[in-house]
Amino acid sequence: MRCKSVIVIGSGLGGLSAAISLAQAGYEVTIHEKNPQIGGKLNVLKEHGYTFDLGPSILTLPHIFERLFERSGRKMSDYIKIRAVRPHWRNFFEDGKVVDLDPDPERMAAEARKVGEDPANVRRFLKYSADLYDLVNAGYFEQGLDDAAAFRQFYGLRNFLKFDLFRTMHGGVKRHLKTRHMQDIFDYFIKYVGSSAYQAPAFMNCMATIQCRYDLWYVDGGLYNIALGLQRLMDELGVKVCLNSEVVEVSQENGFVTGVVTRDGTRHPAAIIVSNMEVIPAYEKLLHEDDELLNSLEKFEPACSGLVLELGLDRKYPQLAHHNFFFSANQREHFHTVFRKRQLPPDPTIYLVAASKTDPTVAPAGCDGLKILPHIPYIDDDNPLTREDYMAFKERVLIKLERMGLTNLRQHVVFEHCWTPHDIREQYYSNKGSIYGVVCDRFKNLAFKAPKQSTKYPNLFFVGGSVNPGGGMPMVVLCGQNVAQCIITWDRR
Ligand SMILES: Cc1cc2nc3c(=O)[nH]c(=O)nc-3n(C[C@H](O)[C@H](O)[C@H](O)COP(=O)(O)OP(=O)(O)OC[C@H]3O[C@@H](n4cnc5c(N)ncnc54)[C@H](O)[C@@H]3O)c2cc1C
């Protein structure tokens, strides 16, 4: 049995998954987390009888989480209770149309007809998405492929065309779906990775299958219960977690990393380091790398940030589903403004969660607690927006929601909490306040993120939204399992 010491910097889901997977392989693992709680962006706010998911609110691909438990001979259901949500999303449009996204083919066909879309188009699109998912999943996801060379080796040149490489994600959507409503809905699957459907490669259309084949899930009591379930598993496996323990330096000697220094000045030696701090901030702030290395990482531009707004209401809005989207009248313009002009959009697409529709324990009786999340640009440090700018944008969001049916919303707010991109960066040290790690962009990086093993220090590894396969809860959990495998293979050499 191996008993090498591993330090994991950060306890986001990627860090937790790596720590658990390495402990299961016999490594002695310690996590250093700067915050007083584990989970990273998987975070919770409990106030005035409301429970809000401050970070993720949609669980997909639970079988990837299940593996963490199975490998220890346990069942996830003994630790985390999940249930499928219906409909998946409710979509509100400026022209007054309301369409549900539902995995049941008959229900989905009826919803498509409401906006004049031939249900056969939806079926054809979902088949296209499923083929892409099976392709991407076989290698990029499950084999943990990290670069073009590994891709070539696994897929062979013959399979390259199957990735629909010459189209954008929107191009792939438009080829199958004819109405603007349906195009807007399926384009917005890109929200899972905080990118633009007009800039992401077409194979990102695999995301519709993640939801339509494997369902969309809620965690009873709120999604933070995933972190609590993983904490229990880590306790059983003997993973040590040091909270309020910020890593301020990674020490190095002869081309290898040797340990970390925490804010209190203590040195902690380790044979292997896994950074759940994103790649760019880690190289910059912990390893003090020069411009040459940092410039080589420029293509790993941050995904978008968000305005994260929680509202406790003194009433319910019966027209809401658990997950809701209020679309921009011109979604192309919305994407363009956020991802090209990098400005706050005048008419954003807004994601709104009312978890009390599924789980009455998260709000007082007769009340809704809303989490509202429009995607907005990451921080421009040369020309940062002020809190006032963000608050003016918040008003715009609330006015749009009132216009689209949440009548007098602002008069019914009894509790409010709001995080801007600056708060998000401060909280998680994410690159420029990004909420999903690295952007998926056809031309910048073809949706590749940074590799899991450092190109400079062989015993330094990365996990989380800034490395392959990238952002979103299931992907970072998979990344944690893949990085552990990568470490075990490297260590055996
Ligand atoms: C508002 C919001 C909504 C989202 N919605 C969804 C959703 O519905 N579904 C979904 O699947 N995904 C969603 N996501 C994305 C998802 O939350 C993330 O992709 C995922 O949780 C990120 O995990 P990670 O492993 O990259 O680590 P992170 O969550 O980024 O955690 C990194 C951890 O490292 C710690 N850290 C950083 N630097 C140091 C240091 N120097 N020393 C010690 N500790 C350090 C941080 O404090 C943090 O705890 C959402 C994210 C946000 C913010």
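Everything numeric here is computed off the predicted structure, so don't read it as measured data.

(A) The packing of helix 6 (residues 169-176) against helix 7 (residues 180-187), seen in detail. Helix 7 packs onto helix 6 with a crossing angle of 145° between their chain directions and a minimal axis gap of 10 Å. Seen from above, helix 6 lies across helix 7 with right-handed handedness. Contact with helix 6, carried on its side by Met 169, His 170, Val 173 and Lys 174, involves Gln 183, Phe 186 and Asp 187 of helix 7 and no other residues of that element. For the contact of helix 6 with helix 7, the residue count by class is 3 nonpolar, 2 polar and 2 charged.

(B) Summary view of the side chain of His 88. Relative to the elements of secondary structure, His 88 occurs in the loop between strand 5 (82-84) and strand 6 (89-92). Not counting the four nearest positions on each side in its chain, His 88 is found in contact with Leu 101, Pro 103, Gln 211, Cys 212, Asp 215, Leu 216 and His 323.

(C) Structural view of the layout of surface pockets. For the largest pocket, the calculated volume is near 550 Å³. Residue lining of the largest pocket: 22 residues in total, with Ile 280, Glu 284, Lys 285, Asn 431 and Lys 432 positioned closest to the centre. Of all elements in the fold, only strand 10 (247-253), helix 10 (279-286) and helix 11 (291-296) reach the threshold of two or more residues within the lining of the largest pocket. At 5 residues, the largest contribution of residues to the lining of the largest pocket is made by helix 10. For the lining of the largest pocket, the per-class residue count stands at 11 nonpolar, 3 polar and 8 charged. Of the pockets and cavities examined, the second largest pocket occupies roughly 350 Å³. In this structure, the second largest pocket is lined by 14 residues; those nearest its centre are Gln 143, Gly 144, Asn 482, Gln 485 and Cys 486.

(D) Main features of the sheet that holds strand 2 (residues 28-32). Strand order across the open sheet formed by 5 strands is 9-2-1-13-20, with parallel pairing between neighbours. In the strand order of this sheet, the two ends are held by strand 9 (240-242) and strand 20 (460-462), each with one partner. The average angle at which neighbouring strand axes cross in this sheet is 20°, direction not considered. Sheet strands touched by helix 15 (residues 473-492): strand 13 (272-275) and strand 20. Its angle to strand 20, the strand with the most contacts, is close to 160°.

(E) Geometry of the pairing of strand 17 (residues 350-353). Side chains of strand 17 alternate between two faces, with Ile 350 and Leu 352 and Tyr 351 and Val 353 buried alike. Alignment of strand 16 (residues 323-326) against strand 17, held across 4 bridges, turns out to be antiparallel. Residue pairing for strand 17: His 323 is matched across the bridge by Val 353.

(F) Spotlight on empty space enclosed by the protein. A full pass over the atoms with the stated rule returns 4 cavities of 30 Å³ or more. One number sums up the size of the second largest cavity: a volume of about 120 Å³. Where the lining of the second largest cavity is concerned, the elements lending two or more residues are strand 4 (50-53) and strand 18 (369-376).

(G) Quick peek at the site of the ligand. Near the ligand there are 36 residues, and of these Gly 14, Glu 33, Lys 41, Gly 472 and Met 473 occur at the shortest range. Within the side chain of Glu 33, a nitrogen or oxygen atom sits 2.6 Å from an oxygen atom of the ligand. In the model, an oxygen atom of the ligand is placed 2.9 Å from a nitrogen or oxygen of the Gly 465 main chain. For the ligand, whose accessible area on its own is 1000 Å², the fraction buried by protein is 99%. Elements supplying a minimum of two residues to the shell around the ligand: helix 1 (13-24), helix 14 (421-428) and helix 15. Here the shell around the ligand takes 3 residues from helix 15, the largest share from any one element. Its residues assigned to classes, the shell around the ligand shows 16 nonpolar, 16 polar and 4 charged.

Parameters and conventions
Residues numbered from 1 in each chain as written. Predicted model: local features only at pLDDT ≥ 70, side-chain atom pairs only at ≥ 80, totals over all residues. Heavy atoms only, no water. Axes fitted to C-alpha atoms, helices over the stretch in contact; angles between N-to-C directions. Helix = DSSP H or I, 4+ residues; strand = E, 2+ residues; numbered from the N terminus. Left-handed = near helix turned anticlockwise from the far one by under 90°. Contact = heavy atoms within 4.5 Å. Nonpolar A, V, L, I, M, F, W, Y, C, P; charged D, E, K, R; others polar. 1 Å grid on protein atoms, 1.4 Å probe; cavity = no way out; pocket = protein on both sides within 12 Å on 5 of 7 lines; lining within 4 Å. Points joined across faces, edges and corners; volume = space filled by probe spheres on them. Pairing = 2+ DSSP bridges. Buried < 20%, exposed > 50% of the residue type's maximum accessible area, 1.4 Å probe, protein only. Near = heavy atom within 4 Å. Polar contact = N/O pair within 3.5 Å; in protein donor to acceptor, adjacent residues only side chain to side chain. Areas by Shrake-Rupley, 256 points an atom, 1.4 Å probe, with all protein chains shown as cover.

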